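Analysis of the macromolecular model
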Amino acid sequence: MAKSEFGRAKAPGPNAAEAACSDLGTLSRRDVLQLAGGAACFAAVPADTAQAARLPAEEATMASVRLTVNGHTQQLAIDPRQSLLDVLRETLDLTGTKKGCNQGACGACTVLLDGKRVVSCLTLAAMHEGAAVTTIEGLARGDDLHPLQAAFIQHDGLQCGFCTPGQIMSGLGCIAEGHAGSPEEIQFWMSGNICRCGAYPGIVAAVADTAGRP
Ligand code: FES
Ligand code: FES
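So, a few notes on the structure that sits alongside this text. Keep in mind it's a predicted model, so treat the numbers as computed, not measured.

**Points about the overall build of the protein**
Per the secondary structure count, the protein includes eight helices and five strands. Scanning the protein from its N terminus toward the C terminus, one meets helices and strands in the order α-α-α-β-β-α-β-β-β-α-α-α-α. A total of 214 residues make up the protein; the buried ones form 35% of that total. In the protein, the proportion of contacts linking residues at least 24 apart, taken out of those at least 6 apart, comes to 54%. Counting only carbon and sulfur atoms, one obtains 56% of the accessible surface of the protein, whose full area is about 12300 Å².

Below is the structure:
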């Protein structure tokens, strides 16, 4: 059974690609060629969609979306294909939110959307008219760090720091959800946030410490 980065066992799930590969062993050469032809037809169907996705931003129809980011409400003209992550980093220059995998697997891009944690790389900004977004830049009050930011420093919950904004935003969500009752619970509910440096003990301690605050 696969293990998450927090050492928790991940529930096994259906894996269509593995199933398809294992099936290949039972197919004749004719079956494989027919499958390849089918795949080519399948690939041809969304050609227009693929071409549209390659259009430069200036040729795409722009979308207007109102977002309140860290308390500031703004009306933005964006490419409707832009992820929330790219709007934050490239349109608003809020580069605290990190782009790791850009495919929902690492948690580096975690922000709060209407109070709930989301991976912003898989969130289309244009679909969230009127939403409130909180990023790592919205936590401190001047020189006063948010208690969870301070706890990360106190507990050495980081090394290179690349995953840290996502860990902190996810930690806030974890606490708000009531999923920070024990180290084991925190490990489970934070398992979508990967730390390549392995700072997990400090991360869990920081979240637990903050959750225990009055
Ligand atoms: Fe979004 Fe990895 S960058 S989950
Ligand atoms: Fe380096 Fe987490 S501190 S990836």
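**Structural notes on the packing of aromatic side chains**
Aromatic ring pairs are reported here in terms of the distance separating the ring centres and the angle at which the planes meet. Overall, the coordinates contain one aromatic pair when judged by the stated rule. Centre to centre, the rings of F188 and W189 are 5.4 Å apart; their planes meet at 80°, and the pair counts as edge-to-face.

**Considerations on the side chain of S83**
Within the secondary structure, S83 is located in the loop between β2 (72-78) and α4 (84-91). Setting aside anything within four residues of it in sequence, one finds S83 in contact with S120, C121, T123, L124 and A125.

Calculation rules
- Residues numbered from 1 in each chain as written.
- Chains lettered and ligands numbered in written order.
- Predicted model: local features only at pLDDT ≥ 70, side-chain atom pairs only at ≥ 80, totals over all residues.
- Heavy atoms only, no water.
- Helix = DSSP H or I, 4+ residues; strand = E, 2+ residues; numbered from the N terminus.
- Buried < 20%, exposed > 50% of the residue type's maximum accessible area, 1.4 Å probe, protein only.
- Contact = heavy atoms within 4.5 Å.
- Areas by Shrake-Rupley, 256 points an atom, 1.4 Å probe, with all protein chains shown as cover.
- Phe/Tyr/Trp six-rings, centres within 6.5 Å; stacked < 30°, edge-to-face > 60°.

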